[in-house]
Amino acid sequence: MRKSILRAMLMVTILVALSASLRAQQTGSIVGTVVDKTGAVLPQAKVTLTNTQTKDVRTTTSNAEGFFSFSGVVAGDFSVRVDSKGFRPTEQTSVHVSPGDRRNVAVTLEVASEDASVLVTASTSAMTVDSGDLSATVDSGDIAKLALTGRDVTELIKTLPGFNQFTNFGGMQNKANYDTTVTSIQSAVGNGINTVGVPSRAGGADLTSDGAHIIDPGCNCNATQTVNPDMVAEVKVTSSAYGADQQTGPVVVAAVGKSGSSTYHGSAYLHFRDGAMNSTDWMVNHLNQPKPDERYWYPGGQFSGPVPHTHKKLLVFVGYEYYNQRFPEQTSGGLIKSNVPTLSERAGHFDPTLPDNAAACSAMSPGVSGWNAKTQSYAGGYRCQQFTTIGTSNGTVTGINNEDISAYLAPGALALLNEIPKPNRTPDAYDFNYVKTLINTNNGYMFHPRVDYDFSDSLKLYVSYNQQHELYGSPVMRWWLANDAVDYPGGISSSDNSKTISANLVKQFNASTTNELQANLSYLYAPDSIGNEKAVDKSATGYPYAYPTSSNILPSIYNTWWNSDFGVPFQYDTGRYAYFIHKVQPSVSDNFSKVFKTHTVKAGVSYYGVWDKEANFGQGNGPNGTIGYGPVWGLANSAFGLDPVLNFMTDLSSSFSVQNVTAPNLTGYSLGFFGQDDWKVTRRLTLNLGLRLVHDTPYTDATGDFGIAAWTPAWYQSDVAAGVTSLPGMRWHGLD
């Protein structure tokens, strides 16, 4: 007997564990048992479910066990009315359903008397939930009351228990690893705010909008749309122990958009933050730079109500918001500081006694300038040195007088000098000769309509759509900033386009049988481009070198020692003009439920696909190439080649790299089947048993031309032995 009990407990444990597997649930269910004052069940009682906002109605009847169930209930507030012959009607109001909820409504009817009024009781959000999931909800009240920095409602999940702010800055800091001040197509999920115990960006969290997967599949973080607080009704976070009908996990952040209402409502609003009254940053004041013109304006409006001549069967909600943002550029903190060639050096005069050269030399570290405090002279350094022989891209030049190389300025340097800013200040010790407050912009809009159509009491449809577009500036390096970086004259920006659509169809065949079909699609296309291509075009600027890259855009430049005193600034990562991302995520699920006695049996199938195409090259590289300038040793005739600025002015580079755009086009999918029984054993005990089978495919090449690349030592040795010189050891699934 004991062994049988242990086996049964083990089986239950296995089934529950399996059920906590990978449907982006956007609906819930309401169940209950109808009894009289003595506790006797009441069959054939009429149960009416009414959506408080839309006035949408569904009906069913209690079965022989007094049990009733509504499946595929969209998130929102409801009232449940029960009528039975010989008993006083009872109505429970304020029954709230969030995505994935299974609300249990306890109904006790009184024998009818002369008082024929309906007995109304108000429920609360704390009413019984017949499931073991661990979840929390940011509802419309929270969204209205809690302060948001920007326009991303997922920022508020940090207020829920079990969440922490994660940063990769190497220690605990009271900040998330993403900037909430600037609204853009992003989210906090996996991007600064994580669930305790769930690995960051390791596939542990999903983000959905009206059922559509909007998590960025490239990093399991961020989002393909913004979840706008004025267009969303609530956000539910489920973190463990849910049923087998859940498609993804272990953490699911489900946003529910606002729906139409049975009466007309409309509003206009303006959220804004403006830096006009802010104090000026100390460093900006110290460097005599103008105060940044910082502002964040978000005007918008929304409208909801029934479409005329549809007898309130067709309801619509429409929300629109424009965002206009000017802010300090994020990677630089709004202030770039650099050492650029002096005006004398730009003209070819490297005499360290010239006033601007002398100021630059005195501000450098002695290790770079070669300053000797004892002899009060420059010797043995990299810059500020006397020389009579130089190396150029055309060979060695001798007989240089007074460090004057104005006759040997190279055409490549003269073209690139037009891109490098001139000094705008005299540096102090260990200081910079060029500073600039750098303002960026991100302007765009969000448009979110939703329609709910009530075909009949037994057939319901809603369709939700979200469209977002923004133009996000990128004046300097993309993800981080070198200490000596300057802005890019071409003006690179990212034109981001996001679309999300969700459709949900619920058919109630009879009092015990319901089917729910859901289809979703999320889409993001975000290409970078140059705003003023003529400013960085090789032909337009007179840059003479074409080989080895066919790009018509000027190359990036940097100093190879990453030393701020070397005088060659970082105009780096300019190849990002060719960067783009293209992401498509379709999903379909169908769930069938049947009530037998006190069992609600569910079965379903789900499909979730990913197409992820994204340009791939290093930040310091790209199709236009990157030239490095640094000390060059071993030049003929003892030519002086240690000054990076001197080498820059004579086109004597120390490195060059180029990487053409490659765009891995990856695809994969997840196919799931599940069966689940929600058995109401007693009025106080519900047992959820479920099993889900999931087939997850690995990512493959969507084109089928190449496939995933692989390399092994055995293949390498074989190829080398066979004389293969092009990528020895490499194989491609689609080719080999």
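Whatever comes next refers back to the structure up there.
(A) Highlighting the overall build of the protein. Tallying secondary structure elements over the protein gives ten helices and 38 strands in all. For the protein, the spread of C-alpha atoms along the principal axes amounts to about 115 × 70 × 50 Å. Counting across all 736 residues of the protein, residues that qualify as buried make up 51%. Accessible surface, the protein: about 32,500 Å² in total, of which carbon and sulfur atoms supply 57%.

(B) Expanded view of the nonpolar core. One finds Phe387, Ile405 and Phe648 to be the most contacted residues of the largest nonpolar core, which totals 36 residues. At the level of secondary structure, the elements contributing two or more residues to this core comprise helix H5 (355-363), helix H7 (411-417), strand S32 (626-629) and helix H9 (644-649). Contacts of Phe648, omitting those with residues within four sequence positions, involve Ala413, Leu416, Leu417, Ile420, Ile557, Val568 and Tyr629. Counting 25 residues, the second largest nonpolar core, distinct from the first, contains Val153, Leu160, Val227 and Val237.

(C) Local environment of the packing of aromatic side chains. Under the definition given, this model contains 25 aromatic pairs. Taken together through their ring pairs, the aromatic side chains of Trp480, Tyr558, Trp562, Phe570 and Tyr572 make up a single cluster. When the ring centre of Tyr298 is taken as origin, the NZ or CZ atom of Arg151, which lies over that ring, is 6.0 Å away. Seen from the ring of Tyr462, Arg450 lies directly overhead, with NZ or CZ sitting 4.0 Å from the centre.

(D) Main features of the pairing of strand S5 (residues 76-83). Across six bridges, the pairing between strand S2 (residues 46-51) and S5 is antiparallel. Among the inter-strand pairings, Thr48 is bridged to a residue of S5, identified as Arg81. Pairing analysis gives six bridges linking S5 to strand S6 (residues 90-97), with the strands arranged antiparallel. Bridging from a neighbouring strand, Val80 pairs with Gln92 of S6. Adjacent in sequence and paired antiparallel, S5 and S6 are bridged by six residues, among which Gly86 carries a positive phi angle near 90 degrees.

(E) Seen up close, the pattern of salt bridges. Following the criterion strictly, the structure yields 23 salt bridges and no others. One salt bridge in this structure joins Asp293 and Arg295, with 3.2 Å as the shortest N-O distance. Through salt bridges with shared partners, a single network forms among Asp216, Lys583, Asp612 and Glu614.

(F) Representation of the environment of Asn424 in the model. Among the structural elements, Asn424 can be located in the loop between H7 and strand S24 (434-437). By relative accessible area, Asn424 is classed as partly exposed at 42%. Here Val435 takes part through its backbone oxygen, which lies 2.7 Å from a polar atom of the side chain of Asn424.

(G) Structural context of the environment of Ser502. Examined against the element boundaries, Ser502 turns out to sit in strand S27 (residues 492-510). For Ser502, a relative accessible area of 2% corresponds to the buried category. For the pair formed by Ser502 and Pro586, sequence separation is 84 residues and the distance between their alpha carbons is 9.9 Å. Contacts of Ser502, omitting those with residues within four sequence positions, involve Ser209, Asp210, Gly211, Ala212, Tyr462, Val463, Ser464, Ala519 and Asn520.

(H) Main features of the state of the cysteines. The full count for this structure, using the stated rule, is two disulfides. One disulfide in the model links Cys219 with Cys221; its S-S distance is 1.9 Å. Of note, the bridge from Cys219 to Cys221 carries an S-S torsion of about -90 degrees and is left-handed in sense. The buried category is assigned to Cys221, whose relative accessible area is 1%. Cys361 shares a disulfide with Cys384; S-S distance 2.0 Å. As the torsion about the S-S bond is roughly -110 degrees, the Cys361-Cys384 disulfide counts as left-handed. Taken together, the residues span a long stretch of sequence, with Cys361 in helix H5 and Cys384 in the loop between strand S21 (377-378) and strand S22 (390-392) at a distance of 23 residues.

(I) Region of interest: the environment of Asn466. If you trace the backbone, Asn466 turns up in strand S26 (residues 459-473). Judged by its relative accessible area of 4%, Asn466 falls in the buried class. Expressed as a C-alpha distance, the spacing of Asn466 and Tyr320, which sit 146 residues apart in the sequence, is 9.9 Å. If we skip the residues at most four places from it in the chain, Asn466 touches Gln225, Phe447, His448, Ser498, Lys499 and Thr500. Looking at Asn466, its side chain comes within polar contact range of the side chain of His448, at 3.1 Å.

(J) Representation of the sheet that holds S32 in the model. Across the sheet, three strands lie side by side as S29-S32-S33; this open sheet has mixed pairing. Pairing within the sheet leaves two strands with one partner each, and these edge strands are strand S29 (556-559) and strand S33 (655-657). The mean inter-strand angle of the sheet, taken between neighbouring strand axes irrespective of direction, is 20 degrees. Of the strand pairs in this sheet, S32 and S33 are connected by three bridges, and their pairing is antiparallel. Residue pairing across strands places Ile627 opposite Phe656, the latter belonging to S33.

(K) Quick look at the sheet that holds strand S14 (residues 232-240). As summarised here, the arrangement of the five strands in space is S9-S14-S15-S12-S13, forming an open sheet in which the pairing is mixed. Pairing within the sheet leaves two strands with one partner each, and these edge strands are strand S9 (134-138) and strand S13 (212-213).

(L) Representation of the side chain of Asn51 in the model. One can find Asn51 in strand S2. When sequence neighbours within four positions are dropped, the list of residues in contact with Asn51 reads Asp56, Val74, Asp77 and Phe78.

(M) Representation of the pairing of strand S17 (residues 295-306). The pairing of strand S16 (residues 265-274) with S17 spans ten bridges and is antiparallel. Paired with Ser267 across the strands is Gln302, a residue of S17. The pairing of S17 with strand S18 (residues 314-328) spans ten bridges and is classified as antiparallel. Of the residues in S18, the one forming a bridge with Pro306 is Leu315.

(N) Looking closely at unusual backbone geometry. Phi at Cys384 takes a positive value of approximately 65 degrees, unusual for a residue other than glycine. Residues other than glycine seldom take positive phi values, yet Asp573 does so here, at roughly 65 degrees. Mapped onto the fold, Asp573 is located in the loop between S29 and strand S30 (580-596). For Asp573, a relative accessible area of 0% gives the class buried.

Calculation notes
Residues numbered from 1 in each chain as written. Predicted model: local features only at pLDDT ≥ 70, side-chain atom pairs only at ≥ 80, totals over all residues. Heavy atoms only, no water. Helix = DSSP H or I, 4+ residues; strand = E, 2+ residues; numbered from the N terminus. Buried < 20%, exposed > 50% of the residue type's maximum accessible area, 1.4 Å probe, protein only. Areas by Shrake-Rupley, 256 points an atom, 1.4 Å probe, with all protein chains shown as cover. Core = buried A, V, L, I, M, F, W, Y, C linked by side-chain atoms within 4.5 Å. Contact = heavy atoms within 4.5 Å. Phe/Tyr/Trp six-rings, centres within 6.5 Å; stacked < 30°, edge-to-face > 60°. Lys NZ or Arg CZ within 6 Å of the ring centre and 35° of its normal. Pairing = 2+ DSSP bridges. Salt bridge = Lys/Arg side-chain N within 4 Å of Asp/Glu carboxyl O. Polar contact = N/O pair within 3.5 Å; in protein donor to acceptor, adjacent residues only side chain to side chain. Disulfide = S-S within 2.5 Å. Axes fitted to C-alpha atoms, helices over the stretch in contact; angles between N-to-C directions.

Bear in mind that shape data such as this cannot, by itself, settle questions of function.
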